[in-house]
Amino acid sequence: MKSQLFAQLYQQFWPELCAKLQHRFGSGPPDPEDIAQQAFVKYSELSGQHRIENPRAFIYTMARNLFIDQFRRNKKQQLVIEKIFIELGMEPMVEVSAEQAALKVERNRLIEKAIAKLDEKQHKLMTMSIVEGKSYRQIATDTGLPISNISRTISAAQNLIDEFVNFQEEPHSALSNLRLVLKERV
């Protein structure tokens, strides 16, 4: 009976759990599928010893905790590696593939293109905030604009840049195309 319940839980929650893990933590490492598998194994081990009231919540919480533990282990390993490089007086090696470099150049080009589409006020405030490193209070003093207006304008500009870049990287649908065309006309 317990194996039948486990199989049912596995079948019901596996795809959703993997999707949620990938959405929240990315595609890895560690792989969401590996973490989900470990969570189900833990559930299987503990469900024989204890009565678990909400198996779904238990499995999801276990998966989240396993992901966090793995990130901590990876961070500790990275710190040890960096310490070794420092002790040896060497620069850490950074491996960037040609594809990654090309993608970064392309993304920067898209960001520049998106920034060029901002109106004058958005461009000025973004420059003062990001390039010049001024706080909203300093920008308000320099421009005479209320802080809330500055915040809304910069937030809207960031959203426009994000939408433009995301659309260019992954066109989703005809509806996305229509939204972009309509924004360019306004």
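### Notes on the overall build of the protein chain
Move 1: Counting its regular elements, the protein chain contains eight helices and zero strands.
Move 2: Per-residue burial for the protein chain yields a buried fraction of 23% across its 186 residues.
Move 3: Intrachain contacts of the protein chain at a sequence separation of at least 6 include 56% that bridge at least 24 residues.
Move 4: Accessible area of the protein chain: about 13,700 Å², with a carbon and sulfur share of 54%.

### Observations regarding the side chain of T153
Move 1: By the element assignment, T153 lies in helix α7 (residues 147–169).
Move 2: Given a relative accessible area of 12%, T153 falls into the buried group.
Move 3: The contacts of T153, once residues within four sequence positions are left out, are K121, Q122 and L125.

### A word on the nonpolar core
Move 1: If you look at the biggest cluster of nonpolar residues, it comprises 17 residues, and the most contacted ones within it are L17, L21, I35, A39, I59 and A63.
Move 2: The element contributing the most residues to this core is helix α3 (residues 55–88), with six residues.
Move 3: Beyond its immediate sequence surroundings of up to four residues, L17 is in contact with A36, F40, I59, Y60 and A63.
Move 4: In terms of nonpolar packing, the next biggest core, distinct from the first, is built from 14 residues, L110, M128, A157 and F164 among them.

### Focus: the pattern of salt bridges
Move 1: Applying the stated criterion across every chain, the model contains five salt bridges.
Move 2: E16 is the salt-bridge partner of R56, the closest N and O atoms lying 2.5 Å from each other. With R56 in helix α3 and E16 in helix α1 (residues 2–25), the pair connects residues that are 40 residues apart, well separated along the chain.
Move 3: Residue classification places R56 among the partly exposed positions, given a relative accessible area of 34%.
Move 4: The salt bridge partner of E132 is K134, with a shortest N-O separation of 3.5 Å.
Move 5: Classification of E132 by relative accessible area gives partly exposed; the value is 45%.
Move 6: Sharing partners across several salt bridges, the network here consists of E132, K134 and D142.

### So, α3
Move 1: The end-to-end C-alpha separation of α3 is 49 Å, in line with the 50 Å expected for 34 residues at 1.5 Å each.
Move 2: P55, I59, Y60, M62, A63, L66, F67 and F85 are the residues of α3 that are buried.
Move 3: Immediately downstream of α3, the backbone of G89 shows phi near 70 degrees, a positive value.

### Some remarks on the packing of aromatic side chains
Move 1: On inspection of all chains with the given rule, the structure shows five aromatic pairs.
Move 2: Between the aromatic rings of Y10 and F40, the centroid separation amounts to 4.8 Å while the plane-to-plane angle is 65 degrees, which identifies the pairing as edge-to-face. Taken as a pair, Y10 in helix α1 and F40 in helix α2 (residues 32–47) lie far apart in primary sequence, 30 residues in all.
Move 3: Ring pairs connect the aromatic residues Y10, W14 and F40, which therefore count as one cluster.
Move 4: Here the basic side chain of R56 rests over the ring of Y60, its NZ or CZ set 4.7 Å away from the ring centre.

The rules behind each value
- Residues numbered from 1 in each chain as written.
- Predicted model: local features only at pLDDT ≥ 70, side-chain atom pairs only at ≥ 80, totals over all residues.
- Heavy atoms only, no water.
- Helix = DSSP H or I, 4+ residues; strand = E, 2+ residues; numbered from the N terminus.
- Buried < 20%, exposed > 50% of the residue type's maximum accessible area, 1.4 Å probe, protein only.
- Contact = heavy atoms within 4.5 Å.
- Areas by Shrake-Rupley, 256 points an atom, 1.4 Å probe, with all protein chains shown as cover.
- Core = buried A, V, L, I, M, F, W, Y, C linked by side-chain atoms within 4.5 Å.
- Salt bridge = Lys/Arg side-chain N within 4 Å of Asp/Glu carboxyl O.
- Expected span 1.5 Å × (residues − 1).
- Phe/Tyr/Trp six-rings, centres within 6.5 Å; stacked < 30°, edge-to-face > 60°.
- Lys NZ or Arg CZ within 6 Å of the ring centre and 35° of its normal.

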